[in-house]
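Here is what each chain is made of, one letter per residue.
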Amino acid sequence: MKRTLQILLLAVVVLAVTVTPSDAWHHWRGGVYVGVGPYWGPYPYYWYPPPYHVYRPPTVVVEEPPVYIERPPAAPTASTAYWYYCSSAQGYYPTVPSCPEEWIKVPEQPR
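Residues numbered from 1 in each chain as written. Predicted model: local features only at pLDDT ≥ 70, side-chain atom pairs only at ≥ 80, totals over all residues. Heavy atoms only, no water.

### Digging into a nonpolar patch on the surface
We count it as follows: Candidates for patches are residues over 30% relative accessible area with no salt bridge; among them, like charges are joined within 9 Å and nonpolar side chains (Val, Leu, Ile, Met, Phe, Trp, Tyr) within 5 Å. Areas reported as accessible are Shrake-Rupley estimates using a 1.4 Å probe. Residue values count occlusion only from the protein chains shown. We define a salt bridge as a contact between a side-chain nitrogen of Lys or Arg and a carboxyl oxygen of Asp or Glu at a distance within 4 Å. Secondary structure elements are defined from DSSP: runs of H or I of at least 4 residues count as helices, runs of E of at least 2 residues count as strands, and each element is numbered from the N terminus.
A cluster of nonpolar side chains, Met1, Leu5, Leu8 and Val12, forms an exposed patch at the surface whose accessible area comes to about 480 Å². Positionally, Val12 belongs in helix H1 (residues 2-18).

Have a look at this one:
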């Protein structure tokens, strides 16, 4: 049994020496923590405090309501437009294209 253990140990040593180390051996990202006894205090590092947001109240804009000024009705102006009446044809221009006597000026009237 002693002889078997020696051969097994020799095989492991030969394999360990002859195997080419891979890149993974050089990139070990492990960590080691060495501490003394149980530690019940705060974490050894501090967390950042939660973000403190300052919320401003929304801006309130009070607008004055629009002011409407009603215009008074337009005063009737002196009418400068005339209709021309022919008494012999008993009609107005342009319905009557010509009149044998002088045209009579008649102030314009709404229909």
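### Brief notes about unusual backbone geometry
With omega at 10°, the peptide bond leading from Tyr93 into Pro94 counts as cis. In this structure, Pro94 sits in the loop between strand E2 (91-92) and strand E3 (104-107). At Gln90, a residue that is not glycine, the phi angle is positive and equals roughly 50°. For Gln90, the location among the structural elements is in the loop between strand E1 (82-86) and E2.

### Section: the environment of Cys86
Convention followed: Residue exposure (1.4 Å probe, protein chains only): buried if accessible area is under 20% of the type maximum, exposed if over 50%, otherwise partly exposed. Two residues qualify as a contact provided that any one of their heavy atoms is within 4.5 Å of a heavy atom in the partner residue.
Relative to the assigned elements, Cys86 resides in strand E1. Accessibility expressed as a relative area gives 0% for Cys86, which makes it buried. Each residue touching Cys86, except ones within four places of it in the same chain, is listed here: Gly91, Val96, Cys99, Pro100, Glu101 and Trp103.

Function cannot be read off these values alone, since they describe shape.
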